[in-house]
Each structure stands twice: as C-alpha cells, then as structure tokens.
Amino acid sequence: MRKKMKILYRIYQLFIAAPIILVATILTAVVVVIGCTFGNGHFWGYWPGKIWSRVIVHTLLLPVRVEGREKLSKKQSYVFVANHQGAFDIFLIYGFLGRNFKWMMKHELRQIPLVGLACQAAHHIFVDKRSAGKLRATYEQARQTLRDGMSLVVFPEGSRTIDGKMTAFQRGAFLLADEMQLPVVPLTINGSFNVKPRTKDYYWVFWHPMTLTIHEPIMPIGQGNENVRQAMSLSKEAIAEALDEEYRTQGV
C-alpha cells in the first residue's frame, strides 16, 4: 500500500502539482518585479512570496503546523535564525512565519531564472563572500534593512544539512543583532529534510508533515562579544531542543 501511495503521489506531482507550481512561480516573479518597481517594495516583496509559498505547500498536500507566533510583537524588528534542513525551509518560513522580512541568502541564488530577479527586485540580501568589499556591502544592506524597521531571516549554518542534523553556526547574524541591539528569535524547522533531502531523488518531493517552532526572543544583555556569544549559544540550544529526536546532535 505504501509503495502504491508513493507512485500515486509522484504521478500527482508530475501531472498536477508541477504545472500549478510552474505557473504560480512565473506569475509571482512577474508580480514581484512589477510591484517592487512601481510600488511599495516592502509590500510587494513579501505578500506575493508568502502566497506563492503557501500555494506550493498546499498543492503538494504537505501538512504544516506552526507553534509560538504569540511570542512575537507586531511592532518589533527581529533577527530570525533557523536551522536549514532543506529546500522547503524557504516555503515554510515565507508562507507561515507571519512576519514581513527580508532573506539573507547565498549570492548564487541570484542566478535562478525569474526567482533570482524577483528576489533582487524585492531587495532580499544576497550574501556575497567573493571579496571583502562585496561582503561589507552585503552587511551594510542588511543594516539598512534593519534600520528601516524590517526583520531579517538568516540560516546561520550557511547551507542545507546533508543528514538532517544541525551543523555549526556562523556569527554574522548575531553580530548584526548585537550591532543593532535587536532581539534574536530562534526558529526550529522539522520535517523539511524528510520532504526534500539534499542528496536524494532531486526531482521528487516526499510527503511528510512540517513544523515551524518559534521560540522566545533572546533580548540583548549589552553590546559586544558576550552578547554575541550568549545569543548564539541560546539560539543553538533552543533550536536543538525542539528538533525531532533523530536529528539532534550533541555538541553543535
């Protein structure tokens, strides 16, 4: 029975879900580019992407549960940090976090047809490490985004996990939060690795529930290295504790 359901789900993906997702992606990219060019970039850079993400998740029949939205204040900017289980982390956060924000993402994603153009128009932040000058420009854009009252979403691991387990964090997001004296909010993602593992069946999605857990904001305790270390440590601890047992790693 399980094998038959897997076959039926792949047929559904190929003939129903894929065409819907393709059309939705093209329309969303066009709307974002036009909207951000002629209208409010904060509005058009967020809402079409939010709807697009929900369309993708619902079209693929993936159940989603969100926990902890009540912990966020509508008037506060945050630096959100999340574990990076897989490609569907994007759709889970964009579609279901419930906050307007800008992504910090790898500069290579700029090359994705239409999607990269839409992300650029929406002023999402491409982290470019090819030179010290480009990296400084990346962080200056992030600072300006936070000064404008927006929030940021960062994957401090830098790239998707290979085995579902969380890897070491980089300091960039926490340094920004420290400099701007903003709270850091850890996000735990569960299920995304099961939906789309990094190294398995590139063309297919696997049915699996996903959960987004929003943790208590970590407020600054001052400014400087101690604050950065505490925010990193508490973030890793919160995210790790909420991970499914099979993906927990000691000593990260």
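Because the structure is a prediction, the values reported are computed rather than measured. (Residues numbered from 1 in each chain as written. Predicted model: local features only at pLDDT ≥ 70, side-chain atom pairs only at ≥ 80, totals over all residues. Heavy atoms only, no water.)

1. So, the overall build of the protein
Line of reasoning, step 1. In terms of regular secondary structure, the protein is built from nine helices and seven strands.
Line of reasoning, step 2. For the protein, the C-alpha radius of gyration of 18 Å lies close to 18 Å, the compact-globule estimate for 252 residues.
Line of reasoning, step 3. Taking the principal axes of the C-alpha coordinates as reference, the protein spans close to 55 × 50 × 40 Å.
Line of reasoning, step 4. With 252 residues in all, the protein has 49% of them scored as buried.
Line of reasoning, step 5. Of the charged side chains in the protein, 31 are positive and 19 negative; the average position of the first set lies 7 Å away from that of the second. (Helix = DSSP H or I, 4+ residues; strand = E, 2+ residues; numbered from the N terminus. Rg over C-alpha atoms; globule rule 2.2 N^0.38 Å. Buried < 20%, exposed > 50% of the residue type's maximum accessible area, 1.4 Å probe, protein only. Lys, Arg positive; Asp, Glu negative; His and termini not counted. Charge placed at Lys NZ, Arg CZ, Asp CG, Glu CD.)

2. Overview of unusual backbone geometry
Line of reasoning, step 1. The phi dihedral of Leu-61 falls on the positive side, at around 65°, and the residue is not glycine.
Line of reasoning, step 2. Following the sequence through the fold, Leu-61 ends up in the loop between helix 3 (47-59) and strand 1 (64-67).
Line of reasoning, step 3. On the basis of relative accessibility, which here comes to 47%, the residue Leu-61 falls in the partly exposed class.
Line of reasoning, step 4. The backbone of Gln-181 sits at a positive phi, close to 55°, despite the residue not being glycine.
Line of reasoning, step 5. For Gln-181, the position within the fold is in the loop between helix 7 (172-180) and strand 6 (184-190).
Line of reasoning, step 6. Taking relative accessible area as the criterion, Gln-181 reaches 34% and is therefore assigned partly exposed.

3. Some details on the pattern of salt bridges
Line of reasoning, step 1. One pass over the full model with this rule turns up five salt bridges.
Line of reasoning, step 2. Among the ionic pairs, Arg-147 bridges to Glu-140, the shortest N-O distance being 3.2 Å.
Line of reasoning, step 3. A residue is classified by how much of its surface remains accessible, and Arg-147, at 45% relative accessible area, is partly exposed.
Line of reasoning, step 4. Taking relative accessible area as the criterion, Glu-140 reaches 36% and is therefore assigned partly exposed.
Line of reasoning, step 5. A salt bridge links Glu-245 to Arg-248, with the shortest nitrogen-to-oxygen separation between them at 3.3 Å.
Line of reasoning, step 6. Sharing partners across several salt bridges, the network here consists of Glu-140, Arg-143, Arg-147 and Glu-179. (Salt bridge = Lys/Arg side-chain N within 4 Å of Asp/Glu carboxyl O.)

4. Some remarks on the state of the cysteines
Put plainly, two cysteines are in a disulfide when a covalent bond ties their sulfur atoms together.
Line of reasoning, step 1. Going through the model one piece at a time under the given rule, you end up with zero disulfides.
Line of reasoning, step 2. Lacking any disulfide linkage, Cys-36 is separated from the closest cysteine sulfur, that of Cys-119, by 10 Å.
Line of reasoning, step 3. Taking the relative accessible area as the measure of exposure, Cys-119 reaches 13% and is therefore buried. (Disulfide = S-S within 2.5 Å.)

5. Focus: the environment of Ala-240
Line of reasoning, step 1. Mapping Ala-240 onto the fold places it in helix 9 (residues 225-242).
Line of reasoning, step 2. We classify Ala-240 as buried; its relative accessible area is 18%.
Line of reasoning, step 3. Along the chain, Ala-240 and Met-166 lie 74 residues apart, while their C-alpha atoms are 7.5 Å from each other.
Line of reasoning, step 4. In this structure Ala-240 touches Met-166 and Arg-248, once residues within four positions along its chain are discounted. (Contact = heavy atoms within 4.5 Å.)

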